[in-house]
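What follows is each chain in one-letter form.
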Amino acid sequence: MIKNFSLAIHGGAGTLLRGQMTPAKEQEYTAALQHALDAGHDILSKAGSALDAVEAAVRVLEDCPLFNAGRGSVFTAEGTHQMDASIMEGRTRNAGAVSLITGIRNPISLARDVMEKSNHVFLAGDGAMHFAKTLGYTIEEPTYFHNDLRHKQWLDLRDSEAFQLDHSDKKDSKFGTVGAVACDVHGNLAAATSTGGMTNKKWGRVGDSPMIGAGTYANNVTCAISCTGSGEFFIRGVVAYDVSCLMEYRGLSLADAASEVIQNRVLQLGGDGGLIAVDAQGNIVMPFNTEGMYRGFATSSGKSGISIYKD
Ligand code: ASP
């Protein structure tokens, strides 16, 4: 049995630009990230599973209105909230994902239920909602997800063809998709990602976050990954799986594989964003090519940290 564990979390690569970040806001983000880290750390330190740890950490971030997931999800073109989430376990490579769901407090737990309580991997829209109802999920009123700032972001765009990622330079309030990756004391890996997607999105737009291999991937042989960024490019780059493939097929280290994908391949496609990843030795990397990425990590050796911009 391995005795080490590692955990990393992100709150999106679409941070407030440095000039707009105030000490008070920074403190709010830091406290929220710390709360999520504590939830995951608590599980891992009691020899709990990586899967439980990533779900717990993501649930905390989904409950926090600061991030674009769960309660803080952005508005769609119809003025609703449509959320996406996925989770994957590295030992079995079991996975679960949901897309275009509404009214669910913690989409990551529904994704896990798809993995564990259905014969499927990916449920979307009305069908996913039906599945949630059969499991007894409470469907929250839209007011639960209402947030004045998010609403204003949407009002600024609603009559246009534009949609907006939290990564867009044009806007002054940036939030982000959330995710977690972990390696537990048994050497098992897991990854989880949850998002509200893009402000003013329409036509059933789905990003990379719920797509296994694009926004989320875990394989004990290589690593566990959760991405954040311009979803269309992350889908086309099959980003999470690409990191794993570079390790498995080309023998790159976690750091080299993640850096190659984020600092070269995604940029070459025209995308931006970042990822968090952990390997089975407990190494953690958190590369990004945007101005910042809300992120944090904690390990069994007592090391931990929270950062927003480049160190
Ligand atoms: N990747 C997410 C999406 O495209 C957005 C984000 O990471 O903020 O839906």
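Residues numbered from 1 in each chain as written. Predicted model: local features only at pLDDT ≥ 70, side-chain atom pairs only at ≥ 80, totals over all residues. Heavy atoms only, no water.

## Some words on helix H2 (residues 50–63)
Counting along an α-helix, one turn takes 3.6 residues, and residues three or four places apart therefore face a common direction. Over its 14 residues, H2 runs 20 Å from end to end, which matches the ideal 20 Å to within 8%, given 1.5 Å per residue. Among the 14 residues in H2, eleven count as buried, and that is most of the element. Among the residues of H2, Ala50, Leu51, Ala53, Val54, Glu55, Ala56, Ala57, Val58, Val60, Leu61 and Glu62 are the ones counted as buried. Buried residues in H2 make contact with strand E1 (6–10), helix H1 (23–45), strand E2 (83–89), helix H3 (107–117), strand E5 (178–183) and strand E6 (189–195). (Helix = DSSP H or I, 4+ residues; strand = E, 2+ residues; numbered from the N terminus. Expected span 1.5 Å × (residues − 1). Buried < 20%, exposed > 50% of the residue type's maximum accessible area, 1.4 Å probe, protein only. Contact = heavy atoms within 4.5 Å.)

## Observations concerning unusual backbone geometry
Where the residue is not glycine, phi is negative for most of them; where a peptide bond is considered, it is trans in most cases. For arginine 93, which is not a glycine, the phi torsion comes out positive at approximately 55 degrees. Its location among the elements puts arginine 93 in the loop between E2 and strand E3 (95–101). Despite not being glycine, tryptophan 203 shows a phi value in the positive range, around 60 degrees. Its place among the elements puts tryptophan 203 in the loop between E6 and strand E7 (216–218).

## What about the pattern of salt bridges?
For the structure on display, the rule yields nine salt bridges. Glutamate 232 serves as the salt-bridge partner of arginine 205, at 2.9 Å between the closest nitrogen and oxygen. With arginine 205 in the loop between E6 and E7 and glutamate 232 in helix H7 (residues 231–236), the pair connects residues that are 27 residues apart, well separated along the chain. Residue classification places arginine 205 among the buried positions, given a relative accessible area of 14%. The exposure class assigned to glutamate 232 is partly exposed, which follows from its relative accessible area of 32%. (Salt bridge = Lys/Arg side-chain N within 4 Å of Asp/Glu carboxyl O.)

## Observations regarding the packing of aromatic side chains
Across all of its chains, the model carries five aromatic pairs by this definition. Their ring planes at 65 degrees and their centres at 5.8 Å tell us that tyrosine 29 and phenylalanine 67 sit as a pair that is edge-to-face. Linking tyrosine 29 in helix H1 with phenylalanine 67 in the loop between H2 and E2, this pair joins segments that are 38 residues apart in sequence. Phenylalanine 67 matches tyrosine 29 in its accessibility class, with the two residues each being buried. Measuring from centroid to centroid gives 4.9 Å for tyrosine 144 and phenylalanine 145, while their planes differ by 90 degrees, and the two rings are edge-to-face. Assessed through its relative accessible area of 8%, tyrosine 144 is described here as buried. Grouped by ring-pair contacts, the aromatic residues Tyr29, Phe67 and Tyr294 constitute a single cluster. (Phe/Tyr/Trp six-rings, centres within 6.5 Å; stacked < 30°, edge-to-face > 60°.)

## What about a nonpolar patch on the surface?
A contiguous nonpolar patch, built from Val121, Phe122 and Ile212 and spanning about 220 Å² of accessible area, is present on the exposed surface. Note that isoleucine 212 resides in the loop between E6 and E7. (Patch = residues over 30% accessible without salt bridge, like charges linked within 9 Å, V, L, I, M, F, W, Y side chains within 5 Å. Areas by Shrake-Rupley, 256 points an atom, 1.4 Å probe, with all protein chains shown as cover.)

## Some details on the site of the ligand
Close to the ligand lie eleven residues, the nearest being Thr177, Arg205, Asp208, Thr228 and Gly229. Within the contact set of the ligand, an oxygen atom lies 2.8 Å away from a side-chain nitrogen or oxygen of threonine 177. Residue threonine 228 places a side-chain N or O atom 2.8 Å away from an oxygen atom belonging to the ligand. Protein burial of the ligand: of its 270 Å² of free accessible surface, 100% is covered by the chains. The residue inventory of the shell around the ligand, partitioned by class, reads one nonpolar, eight polar and two charged. (Near = heavy atom within 4 Å. Polar contact = N/O pair within 3.5 Å; in protein donor to acceptor, adjacent residues only side chain to side chain. Nonpolar A, V, L, I, M, F, W, Y, C, P; charged D, E, K, R; others polar.)

## Quick notes on the pairing of E2
Summarising burial for E2: seven of the seven residues are buried, a large majority. Side chains Met83, Ala85, Ile87 and Glu89 of E2 all project onto a buried face; the interleaved residues Asp84, Ser86 and Met88 project onto the opposite face, where all are buried too. Adjacent in sequence and paired antiparallel, E2 and E3 are bridged by five residues, among which arginine 93 carries a positive phi angle near 55 degrees. (Pairing = 2+ DSSP bridges.)

## Here we look at the pairing of E3
Across the seven residues that make up E3, a large majority, seven, are buried. Where E2 and E3 come together, five bridges link them in antiparallel fashion. Directly across from alanine 85, in E3, lies its bridge partner valine 98. Two strands pair when backbone bridges link them, and E3 and strand E4 (residues 122–124) are joined in this way by three bridges, in the parallel orientation. Paired with serine 99 across the strands is alanine 124, a residue of E4.

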